[in-house]
Amino acid sequence: MARTLSLFRFFGLLALIAASGAVMVFCAAFLYIAPRLPEVEQLRDVQLQTPLRIYSRDGKLIGEFGEKRRSPISIVEVPQTFIDAFLAAEDDRFYQHRGVDVTGLLRAASQLVTTGSIQSGGSTITMQVAKNYFLSQERTFTRKFTEIFLAIEIERQLSKGDILELYLNKIFLGNHSYGIEAAAQTYYGKSIKELNLAQMAMIAGLPKAPSAYNPIANPERAHIRRDWILRRMHALDYIDDVDYQVAISQPLTARQHGTQLDLNAAYVAEMVRTEMLRRYGRDAYEAGFSVITTVDSRLQSAAKTAVLNGVVEYDQRHGYRGPEQQWKIPTQLDDVAKESLRKKLQDVGSVGPWHPALVLSIEDKRAVVMLATGDQTTLEWEQGFAGTVRYINEDRHTYEAETVGELIAAGDLIRLRMGESPRRWQFSQIPDIQGALVSLDADSGAILSLVGGYSYQRSSFNRVTQAARQPGSAFKPFIYTAALDKGFTAASIINDAPIVFDDASLGGTWRPSNSNGQFNGPMRLRKALYLSRNLVSIRLLREMGINYAIDYVSRFGFDSSKLPRDLSLALGSHSLTPLDVVTGYAVFANGGYKVSPYLIEQIIDRDGNTLYRADPVIVCHECNEEDLAMSAFDEAESLDDLDIDDLTAPARKAERVVDEEVTFLIDSILKDVITRGTGVKARKLGRSDAAGKTGTTNGPTDAWFSGYSSGVVTSAWVGFDQNQKLGRSEYGGSVALPIWVDYMSAALKDRAERHLKQPDGIISVRIDPETGKLAAPGQSDAIFEYFRIDRAPSEVSNGGSTIGPYDSADGDVIELF
């Protein structure tokens, strides 16, 4: 008995010594670490790394950039079931302890003693918050003690709800996802409020080991972890028997989901990303900026569709170029062979709306193909084969195929597009040609839509801002405007006849020609422009002077140092981007004022504060200076936001760069391009205020149409990136104009017509269409023409005369029209 008491005393004393030692160690650690503890108060103003998000002006998400996907969420928005799943997995005594769970720490200490290494940290959710926000991931005693002391202090200063919110928004959950909302979007493409119990438990199992329990990379281990959490939730009475049985029987549904964008505007998003990186450096990806652009989601969708349809129509006209690859099909197409082919098709991947398919067999009027999903489908003759020709070169193709075998063979890797009506697969191919479109608000320069190519996935090269190409005749209106301002009139007669230049700057002898190789003799400037006659443009430039013309067209925003100082300037032989061209045309569209294109309307920080708001110069046709000043009040959110400088109207008013009389005259001529000239296909818009100009370059290699209506100015371009020829029958009016019309039919919907007001200095006079002089009394073919009062004709025509038609000149011909 005495011996037993002695043992009890011994072990009691030993325990007391151990406890005293532990207390001493704890106190020593506290005295050493406490002065170095960070301020918990920082958590109240914590700045989580949040990606850059880019929106259209009507709030549609068009881009997200940042290594860490995160969507911070308030604790009141988190379903209680989701919270219960995390508590069951990480800290079921969260609401009982004050930051440290002694039971958990003793368990961790026991594991350390028995194994000789740290197996688990015994961490509570509060301790994880301390670690995630303030500490490193190293596994040392010093860091552990620091974590404990911080957790106790966090519990003293923050509520349980605040701690949970910090935890659920910070934790890493795999696949670049930080926080539960980002994880829900990554694995299920949904908000956390839309997840079922099994999906919530799956995400709750990730914090312990995001890689090991990743449902995409390790579905089996993730399944085991999920079911363990569901059992824990059931044992803790967080869920009842029915909910448990339903959830545990659910299959795994997790798969990789990218950011769910509301609008396809990749070229716009990339432009904004580049600009934000220039302004803010790497912080642009982490500081939670939201950028509101000027892009209209409806018009952006219309622009994307118009460009895609335009390049597809061109591509179909020129024929099928053949399969992308030829694969050997196994003799025995068993499950193993099918799986191998399916994986190869997945590796090939889709490009925009074009999906890969392998031809398995063909018959006279049908083909059986395999999709990247592994499914097989039969393509009937009407599903893209009927009417298809085979490509020979840009100028030649075969007759329409009569059987499927004339187009494809078994083993061909082809492309399919999903048709809209009826909705079924269509035989197709990825176009080689490219297209671009940019549209501005002519009165402010705001970019309404921008498409830098038909597929950003296929090519990130932005042809609106980066592709400097020859504008061809799309540049002529600027030359004609300069002439009208110098004293020429719309009725000035210039000869459309052969001409030869022996000019070293032009490469020796130059014999320019018109597109059809014919010449029409003397003709009025108006007619020469709407018919796009090259020889008239060249003679006009020579008469008014190259230096004068270059100086004048710089008013439209063109860099005069990059313009050629020779007569090829009249034919648009220099290089401009579509953004350059559309900016110049905005001057015609708004009545003669210079505006600058801009894309970013507003930059907002994570707290909702506006860091930047665009302040463009604007054209105001119906308002006075007071109205311009008052618009500042409309844009300001409060009087405190209003800067006194905003009330200075001249700082925001666009500068007039072309006289209103001259603008009215060139606008009138550009309308004729559509009503009776090279742009007649635009008449289908049914608008009398539509104006514009086609452009086609030598080859032809570039096709353009630039024009405007009701304050919307748009340029469309089509061509090959490698400057290949489009084909001898392709022009701006056949390739680019249909894209422009398709887009403008959507852009002008519900917009009233808008015509430039006829200035007091402009009069309408009856003239002889052949001579440009005053019409003789009773002349039957007389027409009306606009003139500036001081330039109106005074001489009466004697009936007029004409010369020609002329035949094409012999020798080399440069066609820039």
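About the criteria used
Each chain carries its own residue numbering, running from 1 in the written order of its sequence. Local features are withheld for residues below a pLDDT of 70 in this predicted model, meaning they are given only at 70 or higher, and side-chain atom pairs are given and counted only at 80 or more; totals for whole chains, interfaces and linings count all residues. No hydrogens and no water enter the side-chain calculation; it runs on all heavy atoms of the structure. Following DSSP output, two strands are said to pair if at least two bridges run between them. Here a helix means four or more residues in a row that DSSP labels H or I, a strand means two or more in a row labelled E, and each is numbered from the N terminus. Here the axes come from fitting lines to C-alpha atoms, over the contacting stretch only for helices, and the angles between their N-to-C directions go from 0 to 180 degrees. Cavities and pockets are found on a 1 Å grid laid over the protein atoms alone: a cavity is a set of points where a 1.4 Å probe fits but cannot escape, a pocket is an open set with protein on both sides within 12 Å along at least five of seven lines, and a lining residue has an atom within 4 Å of such a point. Grid points are joined across faces, edges and corners, and a volume is the space filled by probe spheres set on the points. Ten residue types, Ala, Val, Leu, Ile, Met, Phe, Trp, Tyr, Cys and Pro, are classed as nonpolar, four, Asp, Glu, Lys and Arg, as charged, and the remainder, Gly among them, as polar. An angle below 35 degrees is read as roughly parallel, one above 145 as roughly antiparallel, one from 65 to 115 as roughly perpendicular, and any other as oblique. By definition in these notes, contact holds between two residues if any of their heavy atoms fall within 4.5 Å. Each aromatic pair joins two rings of Phe, Tyr and Trp (for Trp, the six-membered one) with centres within 6.5 Å, and gets the label stacked for planes under 30 degrees apart, edge-to-face for over 60, and tilted for any other angle. Type-normalised accessible area, obtained with a 1.4 Å probe on protein chains alone, sets the label of each residue: buried when under 20%, exposed when over 50%, and partly exposed for intermediate values. A positively charged side chain is recorded as over a ring if its NZ (Lys) or CZ (Arg) lies within 6 Å of the ring centre. The angle to the ring normal must also be within 35 degrees. Confidence scores here are pLDDT values: one per residue, from the predictor, ranging 0 to 100. Just to be clear on terms, a salt bridge is a Lys or Arg side-chain nitrogen sitting within 4 Å of an Asp or Glu carboxyl oxygen.

(A) Structural context of the sheet that holds strand β12 (residues 434–441). As summarised here, the arrangement of the five strands in space is β13-β12-β24-β23-β22, forming an open sheet in which the pairing is antiparallel. Where the open sheet ends on each side, the last strands, each with one partner, are β13 (447–451) and β22 (691–696). Each strand axis lies, on average, 10° off the axis of its neighbour in the sheet, ignoring direction. Relative to β13, β12 runs antiparallel, the two being bridged by four bridges. Paired with Leu-440 across the two strands is Ile-447, which belongs to β13.

(B) Layout of the layout of surface pockets. Space inside the second largest pocket adds up to approximately 1,000 Å³. Along its surface, the second largest pocket is lined by 43 residues, and Leu-308, Val-312, Pro-353, Trp-354 and Arg-417 are the ones closest to its centre. Elements supplying a minimum of two residues to the lining of the second largest pocket: β2 (61–65), α11 (266–280), α12 (297–318), β10 (412–418) and β11 (425–428). Of the residues that constitute the lining of the second largest pocket, the class distribution is 19 nonpolar, 18 polar and six charged.

(C) Region of interest: the packing of helix α9 (residues 219–235) against helix α10 (residues 241–248). Remark: α9 packs on α10, axes separated minimally by 10 Å, with the N-to-C direction vectors making an angle of 180°. Comparing the axis directions of α9 and α10 gives the class roughly antiparallel. When α9 is examined against α10, the residues Arg-226, Asp-227, Leu-230, Arg-231 and His-234 are found in contact with a partner set consisting of Asp-241, Tyr-244, Ala-247 and Ile-248. Tallied by class, the residues present in the contact of α9 with α10 amount to four nonpolar, one polar and four charged.

(D) Examining the packing of aromatic side chains more closely. Throughout the structure, instances matching the rule amount to 24 aromatic pairs. Pairing Phe-94 with Tyr-95 gives two aromatic rings, centres 5.1 Å apart and planes at 75°, and the pair type is edge-to-face. Given a relative accessible area of 0%, Phe-94 falls into the buried group. Ring pairs connect the aromatic residues Phe-475, Phe-478, Tyr-548, Tyr-552, Phe-556, Phe-558, Tyr-585 and Phe-588, which therefore count as one cluster. If you follow Lys-160 out to its NZ or CZ, it ends over the ring of Phe-94, 4.3 Å from the centre.

(E) Geometry of the environment of Arg-69. Within the secondary structure layout, Arg-69 lies in the loop between β2 and α2 (80–90). Sequence separation between Arg-69 and Tyr-178 is 109 residues; the distance between their C-alpha atoms is 5.9 Å.

(F) Structural view of empty space enclosed by the protein. With the rule as written, the count across this model stands at three cavities of 30 Å³ or more. Of the volumes computed, that of the largest cavity is approximately 50 Å³. What lines the largest cavity is simply Asn-264, Ala-265, Ala-266, Tyr-267, Gln-300, Lys-304, Leu-450, Val-451 and Tyr-456. Only α11, α12 and β13 provide two or more residues apiece to the lining of the largest cavity. Looking at the lining of the largest cavity residue by residue, the class counts come to six nonpolar, two polar and one charged.

(G) Local environment of the packing of helix α14 (residues 476–486) against helix α17 (residues 546–553). In contact at an axis separation of 9 Å, α14 and α17 are set at 105° when each is read in the N-to-C sense. With respect to each other, α14 and α17 are oriented roughly perpendicular. Contacts between α14 and α17 involve Phe-478, Ile-479, Thr-481, Ala-482, Asp-485 and Lys-486 from the first element and Tyr-548, Ala-549, Tyr-552 and Val-553 from the second. Taken together, the residues of the contact of α14 with α17 sort by class into seven nonpolar, one polar and two charged.

(H) Focus on the confidence of the model for the protein. On average, the protein scores 86 in pLDDT, and the residues at 70 or more come to 83%. Scored below 50 in pLDDT, residues 644–651 makes 12 contacts in the model with residues more than four places away or belonging to other chains.

(I) Molecular detail of unusual backbone geometry. Here the residue pair Gly-699 and Pro-700 is connected by a cis peptide bond, since its omega of -10° sits within 30 degrees of zero. The backbone of Ser-710 sits at a positive phi, close to 50°, despite the residue not being glycine. Along the chain, Ser-710 turns up in the loop between β23 (702–709) and β24 (712–719). Of note in this structure, Asp-750 is not a glycine but carries a positive phi near 70°. Within the fold, Asp-750 resides in the loop between α21 (732–747) and β25 (762–767).

(J) Summary view of the pairing of strand β7 (residues 376–380). Both strand β6 (residues 366–371) and β7 contribute to a ladder of five bridges, which runs antiparallel. Residue pairing for β7: Ala-367 is matched across the bridge by Leu-379. Once β6 ends, the chain turns through four residues before running back antiparallel as β7, passing Gly-374 with a positive phi of about 95°.

(K) Spotlight on the sheet that holds β2. Read across the open sheet, the five strands follow the order β2-β1-β3-β19-β20; overall the sheet is mixed. Only two strands of the sheet have a single partner each, and these edge strands are β2 and β20 (610–613). This sheet shows a mean twist of 15° between the axes of neighbouring strands, independent of strand direction. The pairing of strand β3 (residues 290–293) with strand β19 (residues 600–604) spans four bridges and is antiparallel. Across the sheet, the residue bridging to Val-291 is Ile-603, located in β19. Along the sheet face, α11 touches β1 (52–55), β2, β3, β19 and β20 and points at about 45° away from the line of β2.

(L) Fine view of the pattern of salt bridges. Under the defined criterion, the tally for this structure stands at 31 salt bridges. The residue Arg-415 makes a salt bridge to Glu-324 at a minimum N-O spacing of 2.6 Å. Of the two residues, Arg-415 is situated in strand β10 and Glu-324 in the loop between α12 and β4 (325–326); the sequence distance between them amounts to 91 residues. According to the relative accessible area criterion, Glu-324 is partly exposed, its value standing at 37%. With its nearest N and O atoms 2.9 Å apart, the salt bridge here joins Arg-526 to Asp-672. Taken together, the residues Arg-526 in helix α15 (residues 525–530) and Asp-672 in helix α20 (residues 660–676) connect sequence positions 146 residues apart. In this structure Arg-526 comes out as buried when scored by relative accessible area, which is 7%. By sharing partners, the salt bridges in this structure join Asp-315, Arg-321, Asp-432 and Arg-458 into a single network.

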